[in-house]
Amino acid sequence: MDLPCVQWQEHISQKWAGLDAALKEHFTSLTEIDDVFKFALTLTTQDDVDYLHSISPSYPVQKDTEQAAKCRERGNCSFKSRDYTAAALHYSQGICFSPQNSEQLSLCYANRSAALYHLHHYQKCVEDIDKALKNNYPSHLVHKLKDRQTQCMKHITLGEKGKEGDDSITPNYNKDPGRVKAPSGGDYLSWICPQAVVGFSHEKGRHLVATNGIAAGEVIFNDRPYSCVLIPGVEGVGGERGGLSTGVFGTEHRCCHRCLTETLHPVPCGGCGYSRYCSADCQQDAWDEHHRWECPLGAELMAMGVISQLALRVVLKAGLKTTLKAKELNRIIYTESEPNHESTMSSSCHTHQPDALASHCSDPYLRVFHLLHHLNRHSPAVRFLSAVTTATLYLKLSKDGTLPASWDLSEPLTANSQSTDATEGHAHQSTELWLMGSAILRHMLQLRCNTQAIVILKDTVSGKSPVQSTREVRIASAVFPTLSLLNHSCCPNTSLVFSTGTAVDPFPPDLSPHLSEAASWHRNTGCGVAVTVRAAKDITAGQEILHCYGPHSRRMITKKRQRLLQEQYYFLCQCEACTLHQEETAVGKQQQSGFSHGPDQSGLLCCKCKGSLKNCADKGTGFLCGEPSCNHRMSSAEVTIRLQEIRDELNRAVDLMERDRPEETLQLLNRTRCHAGLILAETHPLQGEIADCMARACATMGDWNAAAAHLERSATAIISQYGGDSIELGQQLFKLAQLHFNGGARGAALSVIPKVRRLLRLHRGPHCQELQELQAMEDCLRGK
C-alpha cells in the first residue's frame, strides 16, 4: 500500500483525463518542484478534500466503543480455546479502540491481564491490572483482579521474571527509569568502516567505494532510517493479510508504530484507535516528532498511502530551517554545475551533484534532500497524482492552522530562498505551510525510487512445529541516508540485516573512540530501527560497494530485471550479471551462464530421455532437449501447464500441513514428487519446496531421519538457485542441524553446524539469535 488507495488513484486519474489539453501541456512542461506544486494548488479544490474524506471510513482509525467490544469478544473466544497470544492481541486492539476513561477500556485491560498471566508475563499483567482499576473497572469484579495481582506478585517475589521475551514478542524495551530521547535529525547515528569512502562521478553520482580490501562477513556500515512508516496488514498469522473481520493480525496490530518491535501489550494512542507503541517513551517520541499532526488526519492519511505519509514524516522531522538550508545548497549547486540527467548506470536513484556536496552532508537530511526526484522521468500521470495528493494534504493541514514548532517561521526568509516569489498569489496561505507542501512533493517523488523496504524474519509454521522455518516479510518503508548511497547490482557484494527495538546490536565491537558514545547510546537504550550492511563476498580495493534494489540475478531472468529497473528506477542496468548475459547472447552461449536462467527455467528435464531442456535459440519456440540423439521439443505453454499442476499440488499439501494433517500431507507429496520427477531435476526450486514440505511433515510425525534426508534434497535445490554462500542455504542448513539434533544424530549434527555458523556469521553477524541456538546445540552434543 505504498501508493494511494485505488479509489483515490481513480479519482485523480479522472481529474487528469478531464483537464483541458492546454493545461495538461503546461503541467507536463514544468521542470521545477515549486512550479509543479504551485500549479497543482490551482487545480485542487474542496471537492477533492471532500472526496478524500468520503473514502476514509474504510480505514477504521477512530476510537469506537462498539469496535472495542467486538475485539474483546474475539479475545474471549481465543482465551476459551487457550490461544492466549491471540487473546492478548485481540484485547490490545480493543484497548486501542476504547475511548479514554471508559468502562470498555477497563474491561479490555482486565481481560488482557488474564491472557498475560497465562503467558507468564507477570510484570505486564500487574501493570494492566493497575490500568483497569484506574479506568472505572466495575466494582463488583475488582476482587478477581486483586486475586490475580496477588498471584503475580508471588511469582515476581519468587524471582520468576516471566517469559517476557518469548513468542518473538519483545516487551518494554526501555527499562531505565530515566527517559532517553530517541534519535532525531540532530543526533542521527551512522557508522562507515575505515575501508570504505564516499566517491563521486558524473556517471554514478555519489557512491561507496572500498579503499582497502574488505573480507566477506565484515561490517561495512550501519545506518538508521531518517524516517520510516509501518506497512499495515502486510503479514498476518498463517501468511494471510491482517484484518479485524477475519481475526487475523497484521503488522499494525503486532508492532510498535515507532521502533517496529513486536509486542503483546502495546500502549495505545490517546487520540486514535490505530497507532500503538511498545512503551510510553516510544509513544511520546512519536507524538513529538510526527503523530500530533498525523493523528487528526487519521484515515485520510492512510488513504493517501505509505509514501505520502513517509514524505510528510521526513518534512516534519527536518523542520523549516533545515529545509531552507537544503534548498539554498541545491540552488548553489545547480547554478555552478549542470547535473547529468541522462544515465544508463545503476545510480539513477542518487544525487549527481559534485563532490563538493560531501562537505555539506554531515546533516542526514541534506543527503535525503539531494536524492534525485526524477520529476521529468516520472510519467505525467504519476506527477499529477503526486502533486494533487500533496496539494490536498496541504489544504487539510491549512484548515487546521497549527504548524509544528520546527516549521514556525521566526526569522524573515532570505532573498535567495525564492520562497516569497514561489508563494505569490497565495498570500492568504502560510508561507511556512507552502514550503512544507513543496518539500513533501519533492520527497514523495524521490521516495518512488529511494524507499527501502525493512524486512524481518517471520515464522512460516505454527509454534508447535519442531523445526523452525522462516521467511523475510516486509514490515515498513523507510529512507536511509547512508544506505541510499549504494548503487544497484543484480549480483550484489553486500547483504543487509535489519534490527528493530531491542534486537541485535548493529555496531561492530571495535569502534574508533569518536563513535563509542554513539554505540553506547544504542546499546543502553536499545530503541529504534537500524540496518547493518556486510560484505557478502570479498571486496577488493577500488571496487564499488553494491546493493540489490530487488531484481536479483538468481531470482529473475535478465530481460525482466532490466525492464523492472528501467520502469521504477529509470536506468538500464549494466551490472556484472547483465553485462555477462549480453556478452554470452552475442556469441550464442546464453545457456551456459547461471545468470541467464530464471528460477523456473533451470533444472527442466526432457520428458522422454530425462536430458536437460534448454531455451530454444529461436524466439518463442519453447524448449529443446540438450541430448543430440533426442532433440525433443516442448512448447513454453506445455512447460507452464506442467509446472502449474505441480505448484497446485504443493499448495494443497501446504494447506493440509497448516491444518495439522501430516500423514495426508506426506501421501500427497509423494505423488507430487513422482509427477515432478518426470520434468524437474532435483536442482529445480519446486523440487526444493516439495522436499522442504516433506521434511516438515516427517518432523511433525517424529521421523527425524526421514525429515533430514528430505531437507538435504531441499538444500541441493537451494545451492543451485541461490549459491553455496547464500543466506538461504544458511537458513536451510540451520533447520537440518535442528533435525539431526532432535533425532540424536550427533555426528551428522556436529558436521553441519560449522557450515551453518559460517553462513550465518557472513550474512547476519556473530551475535544473531540463530548462532546462539546453534552454540547451545553444540554444547549439548559435546556434553558441556
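Residues numbered from 1 in each chain as written. Predicted model: local features only at pLDDT ≥ 70, side-chain atom pairs only at ≥ 80, totals over all residues. Heavy atoms only, no water.

(A) Summary view of the overall build of the protein chain. Across its full length, the protein chain carries 26 helices and 16 strands. Counting only contacts in the protein chain whose residues sit at least 6 apart along the sequence, the fraction spanning at least 24 positions is 71%. When the accessible surface of the protein chain is summed, it comes to about 33,500 Å², and 51% of that surface belongs to carbon and sulfur atoms. (Helix = DSSP H or I, 4+ residues; strand = E, 2+ residues; numbered from the N terminus. Contact = heavy atoms within 4.5 Å. Areas by Shrake-Rupley, 256 points an atom, 1.4 Å probe, with all protein chains shown as cover.)

(B) Representation of the environment of T150 within the structure. Counting through the fold element by element, T150 comes out in helix α9 (residues 142-157). Sequence separation of T150 and V126 is 24 residues, and the distance between their C-alpha atoms is 9.0 Å.

(C) Representation of the packing of helix α21 (residues 662-677) against helix α22 (residues 685-700) within the structure. Taken N-terminus to C-terminus, the directions of α21 and α22 make an angle of 155°; their axes are 9 Å apart at the nearest point. Regarding the angle of α21 to α22, the classification is roughly antiparallel. α21 and α22 meet at a crossing whose hand is left-handed. Residue-level inspection shows P662, T665, L666, L669, N670, T672, R673, A676 and G677 of α21 in contact with α22, the latter providing Q687, I690, C693, M694, A697, C698 and T700. Residue classes in the contact of α21 with α22 are distributed as 9 nonpolar, 6 polar and 1 charged. (Axes fitted to C-alpha atoms, helices over the stretch in contact; angles between N-to-C directions. Parallel < 35°, antiparallel > 145°, perpendicular 65-115°, else oblique. Left-handed = near helix turned anticlockwise from the far one by under 90°. Nonpolar A, V, L, I, M, F, W, Y, C, P; charged D, E, K, R; others polar.)

(D) Expanded view of the sheet that holds strand β16 (residues 633-634). Taken together, the 3 strands give an open sheet; going across it, the order is β14-β15-β16, and neighbouring strands pair in antiparallel fashion. Sheet topology places β14 (613-615) and β16 at the edges, where each strand pairs with a single neighbour. Pairing geometry for β14 and strand β15 (residues 623-625), over 3 bridges, is antiparallel. Bridged to L613 within β15 is C625. (Pairing = 2+ DSSP bridges.)

(E) Quick peek at the environment of S13. Inspection of the secondary structure assignment puts S13 in helix α1 (residues 6-17). A residue is classified by how much of its surface remains accessible, and S13, at 44% relative accessible area, is partly exposed. C-alpha separation for the pair S13 and V382, spaced 369 residues apart in sequence, amounts to 9.4 Å. (Buried < 20%, exposed > 50% of the residue type's maximum accessible area, 1.4 Å probe, protein only.)

(F) Layout of the pattern of salt bridges. In total, this model carries 23 salt bridges according to the counting rule given. Of the charged contacts, one joins E689 and R647 as a salt bridge, the two residues approaching to 2.8 Å between their closest N and O atoms. Taken as a pair, E689 in helix α22 and R647 in helix α20 (residues 636-658) lie far apart in primary sequence, 42 residues in all. E689 gets classed as partly exposed once you look at its relative accessible area, which sits at 33%. Residue R647 is classed as partly exposed on the basis of its relative accessible area of 25%. (Salt bridge = Lys/Arg side-chain N within 4 Å of Asp/Glu carboxyl O.)

(G) Structural view of the packing of aromatic side chains. Scanning the entire structure with this criterion turns up 15 aromatic pairs. Ring geometry for W16 against F27: centres 5.8 Å apart, planes inclined by 65°, an arrangement best described as edge-to-face. Note that W16 is positioned in helix α1 and F27 in helix α2 (residues 21-29), a separation of 11 residues in sequence. Residue classification places W16 among the buried positions, given a relative accessible area of 15%. Relative to F384, the ring of W16 has its centre 5.0 Å away and its plane inclined at 50°; by these criteria the two rings are tilted. (Phe/Tyr/Trp six-rings, centres within 6.5 Å; stacked < 30°, edge-to-face > 60°.)

(H) Main features of the pairing of strand β3 (residues 205-210). Extensive coverage of β3 is indicated by the burial of 6 of its 6 residues. As judged from the 6 bridges shared by strand β2 (residues 196-201) and β3, these two strands associate in the antiparallel manner. When the bridges of β3 are listed, S201 appears paired with G205. From the end of β2 to the start of β3, which pair antiparallel, there are 3 residues.

(I) Fine view of the packing of α20 against α22. Two elements in contact, α20 and α22, have axes whose closest approach is 11 Å; the angle formed by their N-to-C orientations is 20°. Classified by the angle their axes make, α20 and α22 are roughly parallel. α22 is crossed by α20, and the crossing has left-handed handedness. Facing α20, whose interface residues are L643, I646, R647, L650, V654, M657 and E658, α22 presents L686, E689, I690, C693, R696, A697 and T700.

(J) Seen up close, unusual backbone geometry. Even without glycine at this site, H374 takes up a positive phi of about 55°. Residue placement: H374 occurs in the loop between α13 (364-369) and α14 (380-400). The class for H374 is buried, based on a relative accessible area of 8%. Even without being glycine, Y570 reaches a positive phi, approximately 65°. With respect to the helices, strands and loops of the structure, Y570 is situated in the loop between α18 (558-569) and α19 (576-586). In this structure Y570 comes out as buried when scored by relative accessible area, which is 15%.

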